[in-house]
2 protein chains.
Amino acid sequence: MKFKAEITVMPLKEILDPQGKAVTSSMKNLGLGEIQNVRIGKHITLEIDAADENAASAKVDEACKNLLANLIMESYHFELKAV
Amino acid sequence: MKFKAEITVMPLKEILDPQGKAVTSSMKNLGLGEIQNVRIGKHITLEIDAADENAASAKVDEACKNLLANLIMESYHFELKAV
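Here we summarise the structure given alongside this text.

The rules behind these values
- Residues numbered from 1 in each chain as written.
- Chains lettered and ligands numbered in written order.
- Predicted model: local features only at pLDDT ≥ 70, side-chain atom pairs only at ≥ 80, totals over all residues.
- Heavy atoms only, no water.
- Salt bridge = Lys/Arg side-chain N within 4 Å of Asp/Glu carboxyl O.
- Helix = DSSP H or I, 4+ residues; strand = E, 2+ residues; numbered from the N terminus.
- Buried < 20%, exposed > 50% of the residue type's maximum accessible area, 1.4 Å probe, protein only.
- Pairing = 2+ DSSP bridges.
- Axes fitted to C-alpha atoms, helices over the stretch in contact; angles between N-to-C directions.
- Contact = heavy atoms within 4.5 Å.
- Buried area = accessible area lost by both parts, 1.4 Å probe.
- Polar contact = N/O pair within 3.5 Å; in protein donor to acceptor, adjacent residues only side chain to side chain.
- Nonpolar A, V, L, I, M, F, W, Y, C, P; charged D, E, K, R; others polar.

## Quick word on the pattern of salt bridges
Piece 1. Within the structure shown, the criterion is met by six salt bridges over all chains.
Piece 2. Lys59 of chain B serves as the salt-bridge partner of Glu34 of chain A, at 3.6 Å between the closest nitrogen and oxygen. With one member in each of two chains, Glu34 of chain A in the loop between helix H1 (18-29) and strand S2 (35-49) and Lys59 of chain B in helix H2 (residues 53-68) form a pair that bridges those chains.
Piece 3. Its relative accessible area of 24% is what places Glu34 of chain A among the partly exposed residues.
Piece 4. Classification of Lys59 of chain B as partly exposed rests on a relative accessible area of 25%.
Piece 5. Where Lys65 of chain A meets Asp61 of chain A, a salt bridge forms, and the shortest distance between an N and an O atom there is 2.7 Å. Of the two residues, Lys65 of chain A and Asp61 of chain A both sit in helix H2 (residues 53-68), four residues apart, roughly one turn of that helix.
Piece 6. Residue classification places Lys65 of chain A among the partly exposed residues on the basis of a relative accessible area of 43%.

## Remarks on the sheet that holds S2 of chain A
Piece 1. Reading across the sheet, the six strands line up as S3(A)-S1(A)-S2(A)-S2(B)-S1(B)-S3(B) and stay open at both edges, with antiparallel pairing between neighbours. Strand pairing shows two members of the sheet lacking a second neighbour, strand S3 (74-82) of chain A together with strand S3 (74-82) of chain B, which therefore form its edges. On average, each strand axis in the sheet is tilted by 20° relative to the strand beside it, whichever way the strands run.
Piece 2. As judged from the 11 bridges shared by S2 of chain A and strand S2 (residues 35-49) of chain B, these two strands associate in the antiparallel manner. If you follow His43 of chain A over to S2 of chain B, its bridge partner there is Gly41 of chain B.

## Examining the interface of chain B and chain A
Buried accessible area, meaning the area lost when the parts come together, often serves as the stated size of an interface.
Piece 1. Taken together, the 30 residues of chain B in the interface contact 30 residues of chain A.
Piece 2. Carbon and sulfur atoms make up 64% of the surface buried where chain B meets chain A, a total of about 2,700 Å² over both sides.
Piece 3. Applying the counting criterion to the chain B and chain A interface returns two salt bridges.
Piece 4. Linking chain B to chain A there are 10 residue pairs in polar contact (both at pLDDT 80 or more).
Piece 5. When contributions to the side of chain B that touches chain A are tallied by element, the ones reaching two or more residues are strand S1 (2-11), helix H1 (18-29), S2 and H2 of chain B.
Piece 6. Broken down by element, the side of chain B that touches chain A gets its largest block of residues, 15 residues, from S2 of chain B.
Piece 7. Residue composition of the side of chain B that touches chain A, by class: 14 nonpolar, nine polar and seven charged.

And the structure:
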């Protein structure tokens, strides 16, 4: 079966997000001062062939842990959909 | 009212995503060859003060169009939640 995964990787709350801070400041200059606390992470989509949803989930988890997310600075979660 | 927005910005389907291609190749080296067609975009969270959900939605849309997404190469969608 083929699955599509939607993965979100975000900087941990405890960790300063300089890119997000810079964008928050830019919002003011754009007249959007009511926007605050911008945080920027990654959104990753991928396709995976697996026997069932559990197998696909284990593989995506492995990919997140080993390549897509840096667990010292980031957290991740994902959703799987059969396609 | 305060709202939290979850914004996803992805490269358009028609556009080559070199970062995604590189990650797809790396999957093979990690023994995860069943993972294909990786695409990498941005996930952005922010907080916004607005009178109601419609006003918040209009502001977030403006922020996406003017700063967060490059509409020539990327598409975006977002969800709002009252907090």
